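The primary structure of each chain is shown beneath.
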Amino acid sequence: MIKVVKKMSFTSALVAVGFMIFQVIADLYLPSMTSNIIDNGVARGDIDYIWHIGGVMMVISVISIIAAFGNAFFATRESQRLGKKLRSDIYKKAENLSIDKFGNYGAASLITRTTNDVNQIQRVMQMFLRLMIQAPIMLLGASFLAYQKDAQLTKVFFVVIPLVIIAVGGIMYFAVPLFRSMQKKTDRINLVFREELTGVRVIRAFNKESYETERFDQANRDFTHTAIKVNTIVALMMPLMTLIMSGTNIGITWFGGQYIADMQLQVGNMIAFITYAMQILISFMLLSMIFVMVPRAQASADRINEVLEETDDIKDINQPEAISLSKADATLEFDHVNFRYADADNLALEDVNFKAKAGQTVAIIGGTGAGKTTFVNLIPRLHDTSSGAIRLNGHKIQNIKQYDLRELIGFVPQTAVLFRGTIRENMRYGNQKVTEQQIWQALKIAQADDFVSQMADGLDSYVEQGGGNFSGGQRQRLAIARALIKQADVYVFDDSFSALDFKTDANLRQALQEEMTEAITVIVAQRVSTIMDADLILVLEAGKVVGKGTHKELLANNKTYQEIAYSQLREEDLT
Ligand SMILES: Nc1ncnc2c1ncn2[C@@H]1O[C@H](COP(=O)(O)OP(=O)(O)OP(=O)(O)O)[C@@H](O)[C@H]1O
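Residues numbered from 1 in each chain as written. Predicted model: local features only at pLDDT ≥ 70, side-chain atom pairs only at ≥ 80, totals over all residues. Heavy atoms only, no water.

Details of the overall build of the protein chain
Each helix and strand counted, the protein chain has 21 helices and 12 strands in total. The C-alpha radius of gyration computed for the protein chain amounts to 36 Å, which surpasses the reference 25 Å derived for 575 residues by more than 25%, pointing to a less compact arrangement than a globule. Residue burial in the protein chain is summarised as follows: out of 575 residues, 49% are buried. Of the contacts made within the protein chain by residues no fewer than 6 positions apart, 77% connect residues no fewer than 24 positions apart. Accessible surface, the protein chain: about 29,200 Å² in total, of which carbon and sulfur atoms supply 58%. Between the averaged position of the 58 positive side-chain charges in the protein chain and that of its 60 negative side-chain charges there is a distance of 4 Å. (Helix = DSSP H or I, 4+ residues; strand = E, 2+ residues; numbered from the N terminus. Rg over C-alpha atoms; globule rule 2.2 N^0.38 Å. Buried < 20%, exposed > 50% of the residue type's maximum accessible area, 1.4 Å probe, protein only. Contact = heavy atoms within 4.5 Å. Areas by Shrake-Rupley, 256 points an atom, 1.4 Å probe, with all protein chains shown as cover. Lys, Arg positive; Asp, Glu negative; His and termini not counted. Charge placed at Lys NZ, Arg CZ, Asp CG, Glu CD.)

Okay, here's the thing in structure tokens:
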């Protein structure tokens, strides 16, 4: 919690506390003045005194209101600023986490941490700056002043305070663990909800709506059940405290009445004493709320810190080497590269070696799970090699800044992702300075110019979240065009042609070959026809390169390649 709170501006926090101290002093001063008005003004019929003290009380009340407003303003502003900072820090951290670490948390949990957990911290900080410091000061001040008004009456507190501690302690004992479990249940709701929203098509196709609704209802019921339980327990606090306060009132009036009759106490002092007693009990109540809220916020702070303090295994070195676009001199080399996933027993890639230069196309083919995606993910350092080296333009990729490295790579992932906006905005994603002509040129190479030009709004056509209003093949072509717009030394296409028909696939490859004379093209494919013209084909099987060469060479002497090739194409198509 302290680590999180340190992110706050302490000057503004101090200002908030300063205002609050003024407010408490004013609030503590008022009952004393009331007692003076009653005992010295009303009892003696001194109208001037009543006017004079009444005026002073009005001024003090105004000061109290101004101080309360100032405190509320600074407390709200600072807690909101803290929330903003935390949200932004978590977002930046999540954005830069390696794919593995990101997967450990999952999108649902990261969203809960950015929203729900940050809200908890914000609420507690606002309460802290408004009430948490007020409560102990008021408690001490009111106790001292009550004692001053009448020492004998303080005996009421020997009964009342243990009762308050038992009531508050009991409530906390049951409520705090439930508050903690609510956080986990919120995570669960988000996880189920997100999974169902993203898989809505599959759910409908399998007629699993009622199954999924039940799954969501279960998570929802579980959360609601705990929320009702905890809120019912906490709701007991108010009636219990009202009961204790009323009891205190009766006790003070009972004993106070006797002291007044014995001329040991004045009426005004008893009224002031009652007000101080109420302030003491309110302080206890506020303190109890703090004890309920702090453990809850602590759980949130732990969850936030867990993300913020996550050590990232993919880091930039201290003095990275400078690298820039090499165009015709570009080279890409895998030098005895091995890779193992953190939780896996076996290597996902084993001793991969190859070298390519600008203008060349390197293709990777292999069955599902052979390691093709893992292979291409190593190039922009989405994962780091376990051993061996990858060199881009002669630089070990670990020795250059991740930003610089990724600037030199045009990457089309296996699942084409488009962002909500327009086609133009999506095309400018990797290069803000791109001209209209360059966009159309990239769309032409990606075989996307036809369908984009036929759309009523052309480049300004609307793209739904994830590109949902385009077909799979159209999405792939737009994603390819977006990568081509980026000036890069290496273009990586991870199974990016799979949704294209054979003719479009062939046209696209032809266009790429003509255009990519100053870049290296890495293509992952399942279809032999897609990679037949590549300068170098790597055949992957269970993470090992079992064949390396051109289509002709592999067809002549590589068994795995022959099996793949003959299972897909007729003999005459293969030559
Ligand atoms: N995050 C991960 N953690 C552990 N193992 C993984 C992870 N991602 C992939 N693997 C494993 O690594 C191996 C290679 O996976 P990869 O995704 O690279 O295969 P692929 O050849 O691209 O498959 P496909 O053609 O089906 O996309 C598989 O056995 C897979 O189960």
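Things to note about the packing of helix H5 (residues 107–132) against helix H7 (residues 155–198)
Direction vectors running N to C along H5 and H7 enclose 135 degrees, while the axes themselves pass 9 Å from each other. Between H5 and H7, the angle is such that the two are oblique. Note that H5 runs across H7; the crossing there is right-handed. Here Ala107, Ala108, Ser109, Ile111, Thr112, Asn116, Asp117 and Gln120 of H5 lie close against H7, whose contacting residues are Gln183, Thr186, Asp187, Asn190, Leu191 and Arg194. For the contact of H5 with H7, the residue count by class is four nonpolar, seven polar and three charged. (Axes fitted to C-alpha atoms, helices over the stretch in contact; angles between N-to-C directions. Parallel < 35°, antiparallel > 145°, perpendicular 65-115°, else oblique. Left-handed = near helix turned anticlockwise from the far one by under 90°. Nonpolar A, V, L, I, M, F, W, Y, C, P; charged D, E, K, R; others polar.)

A closer look at helix H6 (residues 134–149)
The first and last C-alpha atoms of H6 sit 22 Å apart over 16 residues, in line with the 22 Å expected at 1.5 Å per residue. Listed in full, the buried residues belonging to H6 are Gln134, Ala135, Met138, Leu139, Gly141, Ala142, Leu145, Ala146 and Lys149. (Expected span 1.5 Å × (residues − 1).)

Thoughts on a nonpolar patch on the surface
Side chains of Phe22, Val59 and Ile63 sit close together on the surface and give an oily, nonpolar patch of about 290 Å² of accessible area. The exposure class of Ile63 is partly exposed, given its relative accessible area of 39%. (Patch = residues over 30% accessible without salt bridge, like charges linked within 9 Å, V, L, I, M, F, W, Y side chains within 5 Å. Salt bridge = Lys/Arg side-chain N within 4 Å of Asp/Glu carboxyl O.)

Things to note about the side chain of Asp27
In this fold, Asp27 is placed in helix H2 (residues 10–42). We note that Asp27 is buried and unpaired, the nearest opposite charge coming from Arg130 at a distance of 9.9 Å. Sequence-distant contacts of Asp27, that is, excluding residues within four places in its chain, are made with Ser64 and Gln279.

Points about the packing of aromatic side chains
What the rule picks out here adds up to 12 aromatic pairs. Relative to Phe497, the ring of Phe493 lies with its centre 5.5 Å away and its plane at 35 degrees, an arrangement referred to as tilted. For Phe493, a relative accessible area of 0% gives the class buried. Residue Phe497 is classed as buried on the basis of its relative accessible area of 3%. Following the ring pairs from residue to residue traces out a cluster consisting of Phe19, Phe73 and Phe74. (Phe/Tyr/Trp six-rings, centres within 6.5 Å; stacked < 30°, edge-to-face > 60°.)

Considerations on the pairing of strand S3 (residues 361–366)
Counting buried residues in S3 gives six out of six residues, a clear majority hidden from the surface. Burial along S3 is two-sided: the face carrying Thr361, Ala363 and Ile365 and the face carrying Val362, Ile364 and Gly366 are both buried. Here S3 pairs with strand S10 (residues 520–525) via five bridges, running parallel. Paired with Ala363 across the strands is Ile523, a residue of S10. (Pairing = 2+ DSSP bridges.)

Some points on the site of the ligand
Taken together, the residues surrounding the ligand are Tyr341, Asp343, Gly367, Thr368, Gly369, Ala370, Gly371, Lys372, Thr373, Thr374, Gln414 and Gln526. In this structure, Gly369 approaches the ligand through a main-chain N or O atom, which is 2.9 Å from an oxygen atom. For the ligand, an oxygen atom lies 2.8 Å from a polar atom in the side chain of Thr373. Against a free-state accessible area of 640 Å², the protein chains account for coverage of 61% of the ligand. For the shell around the ligand, the class distribution of residues is two nonpolar, eight polar and two charged. (Near = heavy atom within 4 Å. Polar contact = N/O pair within 3.5 Å; in protein donor to acceptor, adjacent residues only side chain to side chain.)

Description of the UniProt feature "transmembrane region" (unreviewed entry) in the protein chain
The positions that UniProt labels "transmembrane region" (unreviewed entry) are, in the present scheme, residues 50–75, 128–147, 153–176, 233–255 and 267–294. Across residues 153–176, helical content stands at 92% and strand content at 0%; the span's end C-alpha atoms are separated by 35 Å. Structurally, residues 267–294 comprises 100% helix and 0% strand, and the distance from its first C-alpha atom to its last is 41 Å. (UniProt positions renumbered as here; feature names shortened; annotations may be inferred.)

Considering the pattern of salt bridges
Two side chains that carry opposite charge are able to pair once their charged atoms sit near each other. Counted by the stated rule, this structure contains 23 salt bridges. The partner of Asp222 in a salt bridge is Lys185, and the shortest N-O contact between them spans 3.5 Å. Taken as a pair, Asp222 in helix H9 (residues 209–235) and Lys185 in helix H7 lie far apart in primary sequence, 37 residues in all. Given a relative accessible area of 36%, Asp222 falls into the partly exposed group. Across the pair Glu350 and Lys544 runs a salt bridge whose closest N-O atoms are separated by 3.8 Å.

Side note on the environment of Gln526
For Gln526, the position within the fold is in the loop between S10 and helix H19 (528–531). When the C-alpha atoms of Gln526 and Gln568 are compared, they prove to be 9.7 Å apart, with 42 residues separating the residues in sequence. Apart from the residues lying within four places of it in its own chain, the contact partners of Gln526 are Ile365, Gly366, Thr368, Lys372, Asp495, Ile564 and Gln568.

Digging into the UniProt feature "domain: ABC transmembrane type-1" (unreviewed entry) in the protein chain
Taking the numbering used here, the UniProt-annotated feature "domain: ABC transmembrane type-1" (unreviewed entry) corresponds to residues 14–296. The annotated region residues 14–296 carries 92% helix and 0% strand content, and the separation between its end C-alpha atoms amounts to 24 Å.

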